[in-house]
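Given next are the chains, with one letter for each unit.
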Amino acid sequence: MINSIQDNHIIPQISSSFDESKYVFYDIFDYPNMILGAANFSECHKLSTYYISDNTLPSAAKTSLYCSGGIQIRFTSNSRTVILKYATSDKQSGNFQHTGICNREGISCLFRSVDSPYWLPYDMTFSRSEFGVLQLYMSSRLTSTKSSYEIIVNLPILAHINGFSVGIEHHASFTASNLNPSSPIAFLGSHFTFGIGLTSSAFLISNVVSRRFNINTYNFGINDCNPHNIAIAKLIGKFNLSAIFIECDNPRQDNQLFFQEFYPFLEHLSHCHQIPIVLLSQVYTRNFKNDYQKRREYIISCIDKLNRQNIYFIDGMTLFNDTEKEYCALSSNLLNDYAAVKISKTLYFLFKQFY
């Protein structure tokens, strides 16, 4: 059963085996400072309906930007037990059977004590239904329940969250996390940024960087679509950001189109944002070395032509050695969890001079 709604979202009403009278349930949409990664806090997907309905955006972009991958719900509490309830809709999982079920349709939870810098995994859900529920027994995971702890809920990559509520014990605290006050970091790219090859949304590079720097991030990953479109650049140019990461890779895009669109795209972004812009050239895992090399050389020539001190280049051709290439790809197109950790670590060492 669902209660239907204000602000175009629903409040999950799910029967469960635990005594819900012991809990106060909070509709997360009433707490926008607990939602990270959403460009519009009244909707738990990457961009607001206003932007997604923009006729200049490719149809594949509209589909990708409607998903909740890259959105995190983050809060602090001292409740011994926490209940998470959520409702999903418009799942895209049927098109991605090679992607892990927890990535497609479930949530992934991490936690840490407020005095610890290290995150630990708690659990993931594997719900195929419209509703999901997860009970977190925090008292069994912490050495002391007297102090507060922090929870991150990484929302599914391919589903759209329609409603989300958090159950906290009566008289327990429920507050927003303390974040770095810097403006968000934007992540733009194709398959890898979107996260199709990952087993869990916790491994999204935007989510990993968010945890490492305790900062808000926007994931504008667009699966199966050219992300270097001038319409996308104009859209990103409207946001207040502190840095931009761009995955310069779309195996389905031919070189001719890439050469036509990439320079105007980068020129517009660098004009709108005088902030660090990091470009990652295609990660070479296949035998199409000539095409990869041509794109890499063209990206470098665009950087040289713009002559901006705020543009940084990560060479995807040399990022992984020959041994690592065996482990970093799910298929010829899709990078996996290992690659996400490797690239996130590279970004950490680059970004740490700014945060």
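Residues numbered from 1 in each chain as written. Predicted model: local features only at pLDDT ≥ 70, side-chain atom pairs only at ≥ 80, totals over all residues. Heavy atoms only, no water.

Regarding the overall build of the protein chain
Within the protein chain one finds 10 helices and 17 strands. Relative to its full complement of 355 residues, the protein chain shows a buried share of 57%. Partitioning the contacts of the protein chain with sequence separation of at least 6, the portion at a separation of at least 24 is 78%. Carbon and sulfur atoms form 48% of the exposed surface of the protein chain, whose accessible area is close to 15,000 Å². (Helix = DSSP H or I, 4+ residues; strand = E, 2+ residues; numbered from the N terminus. Buried < 20%, exposed > 50% of the residue type's maximum accessible area, 1.4 Å probe, protein only. Contact = heavy atoms within 4.5 Å. Areas by Shrake-Rupley, 256 points an atom, 1.4 Å probe, with all protein chains shown as cover.)

Some words on the side chain of serine 344
By secondary structure assignment, the location of serine 344 is in helix H10 (residues 337–351). For serine 344, a relative accessible area of 5% corresponds to the buried category. Not counting residues up to four positions away in its chain, the partners in contact with serine 344 are Ile205 and Val208.

Considering the nonpolar core
Judged by nonpolar contacts, the single largest core of 31 residues is most densely connected at Ile343, Leu347 and Phe351. Elements with a contribution of two residues or more to this core: strand E13 (185–189), helix H4 (191–194), helix H5 (205–213), strand E15 (243–248), strand E16 (277–281) and H10. Ranked by the residues each element gives to this core, the list is headed by H10, at 6 residues. For isoleucine 343, the contacting residues outside a window of four places in its chain are Phe192, Leu280, Val283, Leu319, Phe320 and Leu335. If you look at the next biggest cluster of nonpolar residues, it comprises 30 residues, including Leu65, Leu188, Phe258 and Leu279. (Core = buried A, V, L, I, M, F, W, Y, C linked by side-chain atoms within 4.5 Å.)

Let's talk about H5
Side chains that are three or four residues apart share a direction in an α-helix, a result of its 3.6 residues per turn. In terms of residue burial, H5 counts as a mostly covered element, since 8 of its 9 residues are buried. If you check which residues of H5 are buried, you get Ile205, Ser206, Asn207, Val208, Val209, Ser210, Arg211 and Phe213. Just downstream of H5, asparagine 214 is the residue with a positive phi angle, here 55 degrees.

So, helix H7 (residues 255–272)
Between its terminal C-alpha atoms H7 stretches 26 Å, which fits the 26 Å expected from 18 residues at 1.5 Å a residue. At glutamate 261, H7 is deflected by roughly 30 degrees, the largest bend along its length, and proline proline 264 occurs up to four residues later in sequence. Taken together, the buried positions of H7 are occupied by Asn255, Phe258, Phe262, Tyr263, Phe265, Leu266, Leu269 and Ser270. (Expected span 1.5 Å × (residues − 1). Bend = angle between axes of the 7 residues up to and from the residue.)

Remarks on the packing of H5 against H10
It is at 9 Å that the axes of H5 and H10 come closest, and there the two elements cross at 45 degrees. If you check the angle between H5 and H10, you find them oblique. Crossing handedness for the pair H5 and H10: right-handed. Note on element contacts: H10 touches H5 through Ala340, Ser344, Leu347, Tyr348 and Phe351, opposite Ile205, Val208, Val209, Arg212 and Phe213. Across the contact of H5 with H10, the residue classes break down as 8 nonpolar, 1 polar and 1 charged. (Axes fitted to C-alpha atoms, helices over the stretch in contact; angles between N-to-C directions. Parallel < 35°, antiparallel > 145°, perpendicular 65-115°, else oblique. Left-handed = near helix turned anticlockwise from the far one by under 90°. Nonpolar A, V, L, I, M, F, W, Y, C, P; charged D, E, K, R; others polar.)

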